[in-house]
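# Results of the structural survey
The chain contents come next:
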Amino acid sequence: MTLVAENLVKTFPGVRALDGATLRLAAGSVHALLGENGAGKSTLIKILTGVHRPDGGKIVLGGAELHLNGPLDAQHAGIGVVHQERNLIPGFSIAENIVLHHLPRRFGLVDRARMRAEARRCLGLLDLDLDPDTPVSRLSVAQAQLVEIAKALSVDSKVLLLDEPTASLTGDEADRLYGIVRRLRDDGQAVVLVSHKLEEVFAVADTVTVLRDGRSVAEARPLAGYTQDQVVDLMVGRAYSSVRLADRHVDLRAAPALRLDGVSTARGHRDISLSVRPGEILGLYGLVGAGRSELAKALLGLDRITAGTVEVRGRPVRIRDVGDALRRHRIGYVTENRKEEGLFLDQPITRNVGVTVWRRMARAGLVTDRAERRLVAGYTDRLGIRISSPSQLAGLLSGGNQQKVSLAKWLAADCEILIVDEPTVGIDVRTKAAFHELIAELAGTGLALLLISSDLPEIVTLADRIAVMNDFTLRGELVNDHDYARMSQAIIRLIHMGSRPAGDETA
Amino acid sequence: MPLWANPRLGLLILLVALIALFTALRPAFMDVTLTLVPLQSDVSVYAVVGLAQLAVLSLGHMNMAVGRMAAMSAFAMGLAYDRLGVSLVTGLLIGLLVGTLLGALAGLVISRTGVNSFVVTLAMDFALVGLITILYTRFTDGVAFGGLPAGMDALRNDTFADYCTGDVCGPEISLVVPLALVAVLAVGVLFRFSRLGREILMTGANGRAAELSGIPVRSRVVQAHALSGLLAGFAGFLLAANNGAFSASIGDAFLLPSFLGPVLGGTLLAGGAVSVLGTVLGAGLTQVIYKGLNLLQFQLDQLNLYIGLVLLAALSLDRVRHVVADRKGARV
Ligand SMILES: Nc1ncnc2c1ncn2[C@@H]1O[C@H](COP(=O)(O)OP(=O)(O)OP(=O)(O)O)[C@@H](O)[C@H]1O
Ligand SMILES: [Mg+2]
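Residues numbered from 1 in each chain as written. Chains lettered and ligands numbered in written order. Predicted model: local features only at pLDDT ≥ 70, side-chain atom pairs only at ≥ 80, totals over all residues. Heavy atoms only, no water.

On to the sheet that holds strand S15 (residues 281-286) of chain A, then. In a beta sheet, neighbouring strands are held together by backbone hydrogen bonds and run either parallel or antiparallel to one another. Residues and elements named next belong to chain A. In space, the six strands of this open sheet follow the order S18-S19-S20-S15-S21-S22, with mixed pairing throughout. Sheet topology places strand S18 (331-334) and strand S22 (473-479) at the edges, where each strand pairs with a single neighbour. Geometrically, the sheet is characterised by an average inter-axis angle of 15° between neighbouring strands, direction not taken into account. Of the strand pairs in this sheet, S15 and strand S20 (residues 448-452) are connected by four bridges, and their pairing is parallel. Opposite Gly-283, over in S20, you have Leu-451 as the bridge partner. Each of S18 and strand S19 (417-421) touches helix H15 (residues 399-412); the most contacted strand, S18, lies at about 175° to it. In the packing of helix H18 (residues 484-496) onto the sheet, the strands contacted are S15, strand S21 (465-470) and S22, and the crossing angle to S22 comes to about 160°. (Pairing = 2+ DSSP bridges. Helix = DSSP H or I, 4+ residues; strand = E, 2+ residues; numbered from the N terminus. Axes fitted to C-alpha atoms, helices over the stretch in contact; angles between N-to-C directions. Contact = heavy atoms within 4.5 Å.)

Pasting the structure below:
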């Protein structure tokens, strides 16, 4: 065993995040660490990297007990990590971020040429074509995640911990990462992989540890001995039956709730035409950097629309900002980037959810905590958000639960048109199914949904039609027949096909 | 939050301890007319000064021009009373309007240009210093206005004990106290219960997320600064009432106390969280220390030295409290 963490205990005010969790890692293997949102996976990773100090248990590395007093200790001990949340310094360049903890120096000064070369090497491992001098603040969520992985690869480590490394990546990029993971394993490293994407886990991992409520319910078992369903049952703690989404009926003659006609934007979108009817889910698929989130933001007035028309319920509109979109046009936007744009990490959950509804709740301009709490309780129940109290700060929730809070905010806002950007990033299997049910249910009540997702199975499960975007243009639109193999092929073909006139129906 | 981590409680204990200490050293500290009534008036003024700063700290901004905004308001009031002979209330409203407009102007510049609030308000302070000197030399004998409205005298000298119905007289509380109390309550309700106040706090907590949640971020910035100007103006009025004169020196000593109150009371400089009660306690503590050291016959510069030390100690304690809290429930 390279690393053994035994009987770890960690309590936070109000929660016992770890309650006797054990993790045994062998060199030359990929170890999956699975569990539902809030099971304690990230807490375990943070203990192994010196971010948190355990309240009980011990860590043994290569036969000797390890005491970590901080993240640097872990790095020196040969433990590399990609945390679930981004930890890059926005004002610094990619290169500076990658070599942050081992700056190449010459005569006491930073050797910028070597720094760049090193950064290029790490980016190259991931086939990333980014200029090392780009400030990190200019990267998309997926690019930032890739840079963080590159950063972890830049140091040699015996143990590499990956906490949901592919959460915001598309299939191609994830495949590249897993190629590297396999190579590291063959070189004798121990790799820990936390992920809610079970297909990926089963494709790459050798052994598995399952956490439930902070306890390990399966310890370092060979993954080959399990089926996906069995693993899910272990995570959930009882037999879990997958849901089937209710059939929805979209009235094809209904006028579109939202229609874009030949829209171009200052960000570089050209001639985008699409429409969503009430009760319909339009999937918007594309690879990282295709410009989907940017399109949504331009729609909301955060970027300039330079040509074309946007119609809401048949009337051409000019949306000034999100408030305008919400109040005048009843359009909501669940952002992809929850940490920076979706949540107020230092504010209680109640305020995070209530912020879009205060206007409606207010009597004479005043909002009572009680009314707010009642509203929030409804959504925490409905979405199964695990909180210790409604006044808990959003930043202290587990990643998946944070995502739920940022969705709850917009469900509470009671919109007629909802743009959801990567809604299930980092969400466990059971909750993801619940989310899908919820989204289908929302559409069933007549909501028009524009679903932006890099998760192909998700799009194929949920969407009625799928618009495919690449390079800031629409490559085509498909009617979804929910046959995964056929749809995914058609979509990939659309992406790789050269430019075509946007918006023409290909199905 | 554990009890020991509550800054308000710590302040309260410190306040009581200091009062006990000063009383033990100088029994005159409990003298009503000599100490307690003036102390009430001072606390009233500086609580409102603290609130003026708190209004923008909520955004994570600063208002370096609190003092000068107060001075401009006071000038407008003095001018209105002296030249137009308006009533107490009308003059007050005119002055508050001036303060509000100055604050809004600062907010507007900040939200339109994106320049840091510190820089904008500092520049504004500089400009206003000049303007105030010019205005006072032009409209007065250079120091203060002569004409005062009816009622001003009562505000300065009376306590409720001077008003009796039959044999029952009010308590020894000076008349400015309820005025300050109104401001405290209003600001408290604003940030706790009103949508406007909450949205200002959310803007301070994360501007980007606020914008993406449909909050009109720019107007909230302007409104918070306008509120700061309004409260600064009100503090200017209270001080003028205490001094019995609308003079050019009003607001000169506002800047440091404006930060002392909120910061001692646990308001974050980073924005997103304010404590109105803490600000009042913080202002109370500062004034008790001033009065106490004064009674013990410290010189003014020594006084300032000690106040500065108290601030440093309080801030370090606050840091320690945060670090300890972080250790216990580590946050990354
Ligand atoms: N700093 C903290 N303070 C308080 N509670 C915390 C803190 N960090 C985590 N928690 C709580 O500990 C529990 C476990 O959280 P953790 O982040 O380890 O879950 P996770 O398994 O990584 O979930 P996810 O799949 O959603 O990322 C959760 O209930 C969470 O709210
Ligand atoms: Mg996690």
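Turning next to the coordination of the magnesium ion (ligand 2). Residues and elements named next belong to chain A. Of the protein atoms, only Ser-42 (OG) and Gln-84 (OE1) coordinate the magnesium ion (ligand 2), at distances of 1.9 to 2.0 Å. Linking Ser-42 in helix H1 (residues 41-48) with Gln-84 in the loop between strand S6 (79-82) and helix H3 (94-98), this pair joins segments that are 42 residues apart in sequence. Across the pair, Gln-84 and Ser-42 agree in class, each one buried. (Donors = N, O, S within 2.8 Å, 3.2 Å for Na, K, Ca; no water. Buried < 20%, exposed > 50% of the residue type's maximum accessible area, 1.4 Å probe, protein only.)

Take the sheet that holds strand S14 (residues 272-276) of chain A next. All names here are of chain A. Strand order across the open sheet formed by four strands is S14-S13-S16-S17, with antiparallel pairing between neighbours. Each of the sheet's edge strands pairs with one partner strand only, and the pair in question is S14 and strand S17 (315-316). Summarising the sheet, strand S13 (residues 258-265) and S14 pair through four bridges and their orientation is antiparallel. Bridge assignment links Val-263 to a residue of S14, and that residue is Ile-272. Contacting S13, S14 and strand S16 (305-312), helix H9 (residues 292-299) runs over the sheet at an angle of about 105° to S13.

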